[in-house]
Amino acid sequence: MNIHEYQAKQLFDKFGVATPKGIVAATAAEAGAAAREIGGPGLVVKAQIHAGGRGKGTFKNGFKGGVHVIDSAEQAQEIAGKMLGQTLVTHQTGADGKLVSKVLIAKSVDIAKENYFAILFDRATSRHAIIASTEGGMNIEEVAEKTPEKIVKEFIHPTLGLQAYQCRKIAAALNLRGPLLNQAVKLFTALWNLYLKSDCSLVEVNPLAVTKDGQVVALDAKFNFDDNSLYRQKDVAAMRDITEEDPREVAASEYGLNYIGLDGNIACLVNGAGLAMATMDIIKLHGGEPANFLDVGGGASKEQVAAAFKIILGDAKVKGILVNIFGGIMDCAIIAEGIVAASKETGLSLPLVVRLEGNNVEAGKKILATSGLAITSADGLTDAAKKIVAAVGKA
Amino acid sequence: MAILVDTSTRILVQGITGDFGSRHAKASIDYGTQLVAGVTPGKGGQVFEHNGKKVPIFDTVAEAAKETGATVSAIFVPPPFAADAILECHDAGLALAVAITEGIPVNDMIKVKAAMCHSKTRLIGPNCPGVVTPGTGDKSHGGCRIGIAPGYIHKRGKVGVVSRSGTLTYEAVWQLTTRGYGQSTCVGIGGDPVNGTNHLDVLKMFNEDPETEAIIMIGEIGGNAEVEAARWAKDNCKKPIAAFIAGATAPPGRRMGHAGAIIGGAEDTAAAKKRIIAECGIAVAESPADMAETLLTIWKK
């Protein structure tokens, strides 16, 4: 789950992480009032979408730039008016762009030095870790590759948590000394509290800036949260903005399905995440391109199968469907009934190849064969992949 | 022998009165597993009945273990209470805790893992299909089934199977069984980023197990557990290994169902893992349909 920049600022404020003052606005008038409250000159108006590259983006109405430096409330109102309700296209949004429904008005700061600071979960050690670098504002993967000596790492004890001496070590490595050192320790500690208490899996502050007037502040942040913890993070879960997500993925999650859209034309519907990935792989291996990852889980119901078909068919690129179910405990006859019902309900006209294996498989195959529908049965994974690739190739 | 559990191992089920737990407790009883106790706090003294078999229910794991001699627990407790359930097994001194539960918060598992680092209790999972040591009866009846795997697809034999994924394990097992080759033990280690037992731990056990003659290792994108296991196997494993890595077509940065299945760095991709694993002398199946065939090619030549 991702959150907006203004929501990140709200979390910063809640946990006492130093950051320039900012106020979110949903209308041009609100933007003007926000600018008046913060007080200019030296403000920024920033379009709130999840994608990066906002500054260099272009709105579909022709207005250029999703980030503008301004000096007055009147300007704030004018610029916000040109952004709100408009669609911003950046190199990360794709051609469709993203609708801007909120803007952030914030104090702009004069930066003396940019650093990088992140807390993340490190699976190799099963611990949280801090990664920091003096090379702020840059792509950290590139820094890690070209100048690994400029990156410092500090692992956090699973039960003790982040210690003050670790904060001082990092501050020193970032050359934050004198009065900056204590500011940095305070900021790192606050950020760790935010990270732990909100069940984050990543908080990336880039840049962690030192301003010309000697303040250490978190300027921009990227957050990831542990999905498994959202049940106990109601405030975080409430920050979810489903308009920023793939509508098919949103619909899938409502039915307990796990769907991820891809670029190919062969849709697949599989039980189990590992087998779902393997099914995508075998489609590719036999010359096809998978249109999605779709895991219906261990106990797929008739309703879930029907919902899955609708989601799959909502993708105009799809030219055929491969259903791969290793029944195991599930009764293949019930799954077969679900597939038949879903095909009829959606008026399916695309090629459909079904591979069923497991419990009561003969009864399941019989239901498919006698359904009167053009369903191709497959024996095994390879046969299934070859049949759907051939069927889509001919279409 | 087999690893972790054999057909005489006595197991208990935490969460036996829940929907999920009771369904799979029944399936284990039907498979002939020595399921001797259930644990549901507040329901101690009640009895779980299935097909004429009566299983006593206890309030605590410690009581269940003491009264019935159970040494292994299958955990079907919902995510908010699962970390506590795992620690209860550790406290009771069980040999093995198998956590089936999907969706345990990462921060809970970080603490559990730290607390259990010198434990005599081995943790398998969470978010795993469990462990099966097949029996010698019809359709492998009489085996030890802990978790959610279909018992009947197995056959007692000489291949050890270790995997992160449930249905992909069943796929491999079925490929072996239909070709006439049985399994010593099948271990699903789970799809979460923090788990109790990894590929390497299981490879070491298979290597030491006299019954296991060959191994299938199934992995996926994300993390370096498969690579770490392969590097160890290169110099230390005496037995032939075939591997499959799922997720060759997965886009970077997207979580593919399993919390752990996400491409983070360059070594997380399926292509990188396959390359390194092959360099370590493991036979890599390009297709998930060829897991058993790939093993047979190097094992039975």
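Rules used in this analysis
- Residues numbered from 1 in each chain as written.
- Chains lettered and ligands numbered in written order.
- Predicted model: local features only at pLDDT ≥ 70, side-chain atom pairs only at ≥ 80, totals over all residues.
- Heavy atoms only, no water.
- Helix = DSSP H or I, 4+ residues; strand = E, 2+ residues; numbered from the N terminus.
- Rg over C-alpha atoms; globule rule 2.2 N^0.38 Å.
- Buried < 20%, exposed > 50% of the residue type's maximum accessible area, 1.4 Å probe, protein only.
- Contact = heavy atoms within 4.5 Å.
- Areas by Shrake-Rupley, 256 points an atom, 1.4 Å probe, with all protein chains shown as cover.
- Axes fitted to C-alpha atoms, helices over the stretch in contact; angles between N-to-C directions.
- Parallel < 35°, antiparallel > 145°, perpendicular 65-115°, else oblique.
- Left-handed = near helix turned anticlockwise from the far one by under 90°.
- Nonpolar A, V, L, I, M, F, W, Y, C, P; charged D, E, K, R; others polar.
- Pairing = 2+ DSSP bridges.
- 1 Å grid on protein atoms, 1.4 Å probe; cavity = no way out; pocket = protein on both sides within 12 Å on 5 of 7 lines; lining within 4 Å.
- Points joined across faces, edges and corners; volume = space filled by probe spheres on them.
- Arc of directions from axis to C-beta.
- Buried area = accessible area lost by both parts, 1.4 Å probe.
- Salt bridge = Lys/Arg side-chain N within 4 Å of Asp/Glu carboxyl O.
- Polar contact = N/O pair within 3.5 Å; in protein donor to acceptor, adjacent residues only side chain to side chain.

> Give a detailed account of the overall build of chain B, specifying residues and quantitative values.
Helix and strand counts for chain B come out as nine helices and 14 strands. What you see for chain B is a C-alpha radius of gyration of 18 Å, in line with the 19 Å of a compact globule of 301 residues. On the principal axes, the C-alpha backbone points of chain B span a range of 55 × 45 × 30 Å. Considering chain B as a whole, with its 301 residues, one finds that 62% of them fall into the buried category. Taking contacts inside chain B between residues at least 6 apart in sequence as the whole, the part at least 24 apart equals 71%. When the accessible area of chain B is evaluated, it comes to approximately 10600 Å², of which 50% is carbon and sulfur surface.

> Give a detailed account of the environment of I276 of chain B, specifying residues and quantitative values.
Residue and element names in this part refer to chain B. Tracing the backbone through its elements, the reader meets I276 in helix 8 (residues 270-279). The spacing of I276 and T185 is 91 residues in sequence and 26 Å in space, taken between C-alpha atoms. Residue contacts for I276: discarding those within four places in its chain leaves V227, R231 and E267.

> Describe the side chain of T90 of chain A, naming the residues involved and giving the relevant values.
Tracing the backbone through its elements, the reader meets T90 of chain A in the loop between strand 5 (87-89) and strand 6 (98-99). Aside from chain neighbours lying at most four places away, what touches T90 of chain A is I49, A51, G52, G53, R54 and G57 of chain A.

> Account for the packing of helix 1 (residues 5-15) of chain A against helix 6 (residues 179-197) of chain A, with residues named and values stated.
Residues and elements named next belong to chain A. Packing of helix 1 against helix 6 brings their axes to within 9 Å, and their N-to-C directions diverge by 115 degrees. Looking at the two axes, helix 1 sits roughly perpendicular to helix 6. Relative to helix 6, helix 1 is oriented so that their crossing is right-handed. Packed against helix 1, whose contacting residues are L11, F12 and F15, the element helix 6 presents A190, L191, N193, L194 and K197 at the interface. Classifying every residue of the contact of helix 1 with helix 6 by side-chain character gives six nonpolar, one polar and one charged.

> Please provide a residue-by-residue account of the packing of helix 7 (residues 225-236) of chain B against helix 8 of chain B, values included.
If you want to describe how two helices pack, look at the angle between their axes and the distance between the axes. All names here are of chain B. In contact at an axis separation of 8 Å, helix 7 and helix 8 are set at 10 degrees when each is read in the N-to-C sense. The angle between helix 7 and helix 8 falls in the class roughly parallel. Seen from helix 7, the contacting residues are E226, V227, A230, R231 and K234; seen from helix 8, they are K273, I276, I277 and E279. Looking at the contact of helix 7 with helix 8, its residues break down into four nonpolar, no polar and five charged.

> A description of the sheet that holds strand 10 (residues 156-163) of chain B should follow, citing residues and the corresponding values.
All names here are of chain B. The strand order across the open sheet built from seven strands is 9-8-11-10-12-13-14, with neighbouring strands paired in mixed fashion. Since the sheet does not close on itself, it has two edges, and those belong to strand 9 (144-147) and strand 14 (283-284), each with one partner. Across five bridges, strand 10 lies against strand 11 (residues 183-188) in parallel orientation. Across the sheet, the residue bridging to V161 is C186, located in strand 11. The strands that helix 1 (residues 19-31) touches are strand 8 (130-133) and strand 9; relative to strand 9, the one it contacts most, it runs at about 170 degrees.

> Just give me the short version of the pairing of strand 9 (residues 127-133) of chain A, but keep the residues and values in it.
Strand residues, when the strand is regular, have side chains that alternate between the two faces of the sheet. Residues and elements named next belong to chain A. Taken across its seven residues, strand 9 has six buried, putting it largely inside the fold. Bridge analysis of strand 8 (residues 111-122) against strand 9 gives seven bridges, and the strand direction is antiparallel. The residue of strand 9 that forms the bridge with L120 is A129. Once strand 8 ends, the chain turns through four residues before running back antiparallel as strand 9, passing S126 with a positive phi of about 55 degrees. When strand 9 meets strand 10 (residues 151-156), the two strands line up antiparallel, connected through six bridges. Considered in strand 10, the bridge of A132 is made with V152.

> Break down empty space enclosed by the protein for me, citing the residues and quoting the values.
Residues and elements named next belong to chain B. Tallied over the entire structure, the rule returns three cavities of 30 Å³ or more. Taken as a whole, the largest cavity holds about 60 Å³ of empty space. Lining the largest cavity are P129, G130, V131, V132, A149, H154, T169, Y170, V173, C186, V187 and G188. Mapped by element, the contributors of at least two residues to the lining of the largest cavity are strand 8, helix 5 (166-178) and strand 11.

> I'd like to hear about helix 2 (residues 61-68) of chain B, residue by residue, with values.
All names here are of chain B. Regarding helix 2, the residues found buried are V61, A64, A65 and T68. Take helix 2 and look down its axis: the buried residues cluster within an arc of 95 degrees, on one side only. Those residues of helix 2 that are exposed and angled more than 90 degrees off the buried face are K66 and E67.

> Summarise the sheet that holds strand 5 of chain A; cite the residues concerned and give the values.
Residue and element names in this part refer to chain A. Spatial ordering of the open sheet is given by 3-5-6, a layout of three strands whose pairing is antiparallel. Here the strands that pair on one side only, and so sit at the sheet edges, are strand 3 (58-59) and strand 6. Note that strand 3 and strand 5 share two bridges and pair antiparallel. Note on strand 5: the bridge partner recorded for F59 is L88.

> Any details on the interface of chain B and chain A? Residues and values, ideally.
If you look at the interface, chain B gives 52 residues, while chain A gives 41 residues. Of the roughly 3700 Å² buried where chain B meets chain A, counting both sides, 62% is carbon and sulfur surface. If you look at where chain B meets chain A, you find two salt bridges. Summed over the shared surface of chain B and chain A, the result is 12 residue pairs in polar contact (both at pLDDT 80 or more). Residues belonging to the side of chain B that touches chain A are distributed by class as follows: 28 nonpolar, 13 polar and 11 charged.

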